[in-house]
Amino acid sequence: MEKYLSLLRRGGAAQAAVIDPKTIVTAPWVAFKCQYGCPHYGKNLCCPPHAPAWRETQAMIDCFGTAILFCCPAMEAVNPLALAAAKELFLDGRYKAVALGSGPCLLCESCNVAECRHPGQAIPSMEACGIDVFATARANGMAVETLADKTQPQNCFGLLLVE
């Protein structure tokens, strides 16, 4: 796993750790926060209601014995880094590797919700899939706090489900 942790760190992750998937927390309230608080709700294929619901996400997580949680200081870095790591895992024979990112997909100015223009690059965020990012990060010893304003340093998380 050190190869993938190093790849994540070289790519800009401030923190990266192998975690037990049992420490990933899912909850129904997470999509509710998206629905009533995010302007991307329903307008992006990687966001609810198009993203997997929390129960589907939990069922998928239960198929894995290893995961990697990582944190970047900028949301824009998370998804490309998660994809690069998942590709490397796949090429190394870990065919089940799944990547989850942070925030809404930013690949298109306006999402075509009928058909993704970038199916090989678009990934849903952890929160879009019902993962309580705060509880998951804290359960794995990673600091995460709410921000009072957007000028504060960010802590944006990505997740790789490995095997």
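Each value, and the rule that gives it
- Residues numbered from 1 in each chain as written.
- Predicted model: local features only at pLDDT ≥ 70, side-chain atom pairs only at ≥ 80, totals over all residues.
- Heavy atoms only, no water.
- Helix = DSSP H or I, 4+ residues; strand = E, 2+ residues; numbered from the N terminus.
- Rg over C-alpha atoms; globule rule 2.2 N^0.38 Å.
- Buried < 20%, exposed > 50% of the residue type's maximum accessible area, 1.4 Å probe, protein only.
- Contact = heavy atoms within 4.5 Å.
- Areas by Shrake-Rupley, 256 points an atom, 1.4 Å probe, with all protein chains shown as cover.
- Lys, Arg positive; Asp, Glu negative; His and termini not counted.
- Charge placed at Lys NZ, Arg CZ, Asp CG, Glu CD.
- Disulfide = S-S within 2.5 Å.
- Phe/Tyr/Trp six-rings, centres within 6.5 Å; stacked < 30°, edge-to-face > 60°.
- Lys NZ or Arg CZ within 6 Å of the ring centre and 35° of its normal.
- Expected span 1.5 Å × (residues − 1).

Visitor: I'm lost on the overall build of the protein in this one. Help?
Guide: If you tally the helices and strands in the protein, you get five helices and four strands. When its helices and strands are written in sequence order, the protein yields α-β-α-α-β-α-β-α-β. In terms of C-alpha radius of gyration, the protein reaches 15 Å, essentially the compact-globule figure of 15 Å for 163 residues. By its C-alpha atoms, the protein is 40 × 35 × 30 Å across when sized along the principal axes. With 163 residues in all, the protein has 40% of them scored as buried. Excluding contacts between residues fewer than 6 apart, the proportion of contacts in the protein whose partners are at least 24 apart in sequence is 77%. Accessible area of the protein: about 8,600 Å², with a carbon and sulfur share of 57%. Where the 13 positive side-chain charges of the protein centre and where its 14 negative ones centre are 1 Å apart.

Visitor: It is not clear to me how the state of the cysteines should be interpreted in this structure. Could you clarify?
Guide: In protein structure, a disulfide is the covalent linkage between the sulfur atoms of two cysteines. For the structure on display, the rule yields zero disulfides. Looking at the unpaired Cys105, the closest cysteine sulfur is the one in Cys46, lying at 4.5 Å.

Visitor: Looking at this model, I keep getting lost on the packing of aromatic side chains. Mind explaining?
Guide: The description of an aromatic ring pair uses the distance of the two centres, along with the angle that the planes make with each other. Counted according to the given criterion, the structure contains one aromatic pair. Pairing Phe32 with Tyr36 gives two aromatic rings, centres 4.7 Å apart and planes at 50°, and the pair type is tilted. Relative accessible area serves as the criterion here: at 51%, Phe32 is assigned to the exposed category. Taking the relative accessible area as the measure of exposure, Tyr36 reaches 55% and is therefore exposed. Over the ring of Phe64 we find Lys96, and its NZ or CZ is 4.9 Å from the ring centre.

Visitor: I tried to follow helix α4 (residues 75-91) on my own but got confused; where do I start?
Guide: Between its terminal C-alpha atoms α4 stretches 25 Å, which fits the 24 Å expected from 17 residues at 1.5 Å a residue. Buried residues along α4 sit in contact with α1 (2-10), β2 (67-72), β3 (98-100) and β4 (156-161). Of the residues flanking the end of α4, it is Gly93, one or two places downstream, whose phi is positive at about 95°.

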